[in-house]
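# Structure assessment
Residue strings, one per chain:
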Amino acid sequence: MTNRVLITGGAGFIGSHTALVLLEQGYELVILDNFDNSNPKALDRVKDLAGSKALELVEGDVRDPTAVNRAFDNCGSVEGVIHFAGLKAVSESVTNPLRYWDVNVNGSRVLAATMEKRNFRTLVFSSTSTVYGEPENFPLHEEMPTVPVHPYAQTKLAVEQMLNALCRSGNWRIACLRYFNPVGAHPSGRIGEDPLGIPNNLFPFITQVAAGSRKKLNVFGSDYPTHDGTGVRDYLHVMDLAEAHSSTLNHLLKQTSPHQLTLNIGTGCGFSVLDVIRGFEEATGLSIPYQLVSRRPGDVPKLEACPQKAKNILGWSATRDLAQMCRDSWAWQRANPTGYRDVL
Ligand code: WQD
C-alpha cells in the first residue's frame, strides 16, 4: 500500500476540492495539470487548508505520453488514478468538436494506455449527466438511455464505453461518475470556481452579478416545460462531489478486479433558474437583477438525478442544501473578486 493517488486536472474546480478531501484522509497526491483552465495557486491553498505538503505537481498535458509517464515516474507506485483533465463547455464543444474529441477522448486513451503498460488498473473517471441528452422521464437512473446531444457529452460517453471495454478485457477496477451540476466552494472561501472570461455557468455568473462585476443575469429561456418555465438542474455542492470521489476510490480499492461501476452523482432535487436566483437572494441578502431572454442553444429543459445507486453501493449521498451552495459560492467570490489571478 503506497496510499499515493495520481489526479489529472487536479488544479481545477472539482479536482482541487477532491485533492483537499484526499489529503485530509492521508493520501499522498501527484497532480498532472496543464493549467489550460486552472491555476497552480489553487494547490498552494489546498496544501494550506489540509496542513499537508503531500502533494506534488507535474505540469503537463494528459494527451502527451511523455508528460503522463513523467507524472507516473514521480509517483512510483499508485493506489489509483482520478481523471478530471478535460474540456466541459457545452457551447464550445459545438463550435469546436475536434478539440473535444482530442482532449477528452484521446487524452483519456493516452492515460489508460500508460496505466495498462505500468499495470495500474484502478481508475475513477469524471463523466457527466449530459450523456442522458433530453430525457422525458425523471429522476434519471443509470440504466436510462444515453442519447448525448452535443460533442461534450458524446466524448464523455465514448470514454465510458472505452473504459467499460477495458474492464471486460482484463483486471481493472473502474468507476464512471456522471456529475449533475457542481456548484459552490469550500466553506473557507479559499478555493472555488474560477472561470476564465465571461462565465458560461449559472452560479459563477450570479456571484459576479452579486459582486457588481456584471450588471444583470440573462435567464436563458422561460418557456420550458417546467414548473416556472425556466431550466431545471440538479445542483450539487462541490464538497459533496469531492467526498463522492473519495468514497468511490475507497470502494474500488476494496474490490477484487475486474470491477465496473457507473454512478449518478447528484442530490435528486432539481431547482429552476428562478428557484436559484430566489435561493441565492434569501441565503445572502443580496439582490440579483435578471432579464428573461431566449433559450441558449444546446440547453435541455431538465436534468435531475436518482442518486439511489450511489447511496446503496457507496453509502454516499449529498448533505449540503441549496442555501449552503449559495452561501459558499458567494463567500469564495467575495473573498476572491478576481479568482486566483491578481488582476482580471
Ligand atoms: C444551468 C441552467 C441554463 C447561465 C453544466 C456544465 C456541464 C455539465 C452539466 C458536468 C441552465 C441557465 C445559465 C446563464 C442561465 N457539468 N443559465 N443564464 O448548462 O447544465 O451544464 O452542467 O458535466 O459541463 O456546463 O449548466 O450552469 O451553464 O446552466 O439562465 O447565464 O442555468 O439555461 O438552465 P449546464 P449551466
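The structure under discussion appears in the preceding block.
So, here's what we can say about the structure. What you are looking at is a predicted structure, and each value in this text was computed from that prediction instead of being measured. (Residues numbered from 1 in each chain as written. Predicted model: local features only at pLDDT ≥ 70, side-chain atom pairs only at ≥ 80, totals over all residues. Heavy atoms only, no water.)

### Topic: the overall build of the protein chain
The helix and strand tally for the protein chain stands at 11 helices and 13 strands. The globule rule puts the C-alpha radius of gyration for 344 residues at 20 Å, and the 19 Å found for the protein chain is close to it. The principal-axis extents of the C-alpha atoms in the protein chain amount to approximately 55 × 45 × 40 Å. Per-residue burial over the protein chain gives 57% buried out of 344 residues. Taking the contacts inside the protein chain whose residues are at least 6 apart along the sequence as the reference set, 80% of them involve residues at least 24 apart. Carbon and sulfur atoms make up 50% of the accessible area of the protein chain, which amounts to about 14,100 Å² in all. The average position of the 33 basic charges and that of the 35 acidic charges among the side chains of the protein chain differ by 2 Å. (Helix = DSSP H or I, 4+ residues; strand = E, 2+ residues; numbered from the N terminus. Rg over C-alpha atoms; globule rule 2.2 N^0.38 Å. Buried < 20%, exposed > 50% of the residue type's maximum accessible area, 1.4 Å probe, protein only. Contact = heavy atoms within 4.5 Å. Areas by Shrake-Rupley, 256 points an atom, 1.4 Å probe, with all protein chains shown as cover. Lys, Arg positive; Asp, Glu negative; His and termini not counted. Charge placed at Lys NZ, Arg CZ, Asp CG, Glu CD.)

### A look at the pairing of strand β2 (residues 28–33)
β2 sits mainly inside the fold: five of its six residues count as buried. Here strand β1 (residues 4–8) runs beside β2; their pairing, made up of five bridges, is parallel. Residue T8 lies in a different strand from β2, and its bridge partner there is L32. Viewed along the sheet, the connection from β1 through helix α1 (residues 13–24) into β2 turns out right-handed. As paired elements, β2 and strand β3 (residues 55–59) share five bridges and run parallel to each other. Along β3, the bridge assignment pairs V30 with E56. Running through helix α2 (residues 41–50), the crossover from β2 to the neighbouring parallel element β3 is right-handed. (Pairing = 2+ DSSP bridges. Right-handed = clockwise from strand over helix to strand, strands pointing away.)

### Remarks on the side chain of N69
The topology assignment puts N69 in helix α3 (residues 65–75). Sequence-distant contacts of N69, defined by excluding residues within four places in its chain, comprise T114, K117 and R118.

### With respect to the site of the ligand
Y152, L202, N218, R233 and D299 are the nearest of the 19 residues found near the ligand. K88 is positioned such that a nitrogen or oxygen atom in its backbone is 2.8 Å from an oxygen atom of the ligand. A distance of 2.8 Å separates an oxygen atom of the ligand from a polar atom in the side chain of R233. With the chains in place, 94% of the 690 Å² that the ligand exposes on its own is no longer accessible. Ranked by residues supplied to the shell around the ligand, first place goes to strand β8 (residues 217–220) with four residues. The residue inventory of the shell around the ligand, partitioned by class, reads eight nonpolar, seven polar and four charged. (Near = heavy atom within 4 Å. Polar contact = N/O pair within 3.5 Å; in protein donor to acceptor, adjacent residues only side chain to side chain. Nonpolar A, V, L, I, M, F, W, Y, C, P; charged D, E, K, R; others polar.)

### Here we look at the packing of α3 against helix α5 (residues 97–117)
Remark: α3 packs on α5, axes separated minimally by 10 Å, with the N-to-C direction vectors making an angle of 45°. By the angle between their directions, the pair α3 and α5 is classed as oblique. The two elements α3 and α5 cross, and the hand of that crossing is right-handed. Taken together, the residues of α5 that come into contact with α3 (itself represented by P65, V68, N69 and F72) are V110, L111, T114, M115 and K117. Per-class residue counts for the contact of α3 with α5 are six nonpolar, two polar and one charged. (Axes fitted to C-alpha atoms, helices over the stretch in contact; angles between N-to-C directions. Parallel < 35°, antiparallel > 145°, perpendicular 65-115°, else oblique. Left-handed = near helix turned anticlockwise from the far one by under 90°.)

### As for the nonpolar core
Membership of the largest hydrophobic core comes to 39 residues, with the highest contact counts inside it found for V5, I7, L22, L29 and I265. For this core, the secondary-structure elements that each account for two or more residues are β1, α1, β2, α2, β6 (173–179), α8 (238–253), β11 (259–265) and α10 (308–314). Sorting elements by how many residues they give to this core places α1 first, with six residues. Not counting chain neighbours up to four residues away, the residues in contact with I7 comprise A19, L22, L29, V30, I31, L32, I82 and F84. C75, F120, A158 and C167 belong to the second-largest nonpolar core, a separate cluster that totals 29 residues. (Core = buried A, V, L, I, M, F, W, Y, C linked by side-chain atoms within 4.5 Å.)

Function-wise, these values are silent; they only describe arrangement.
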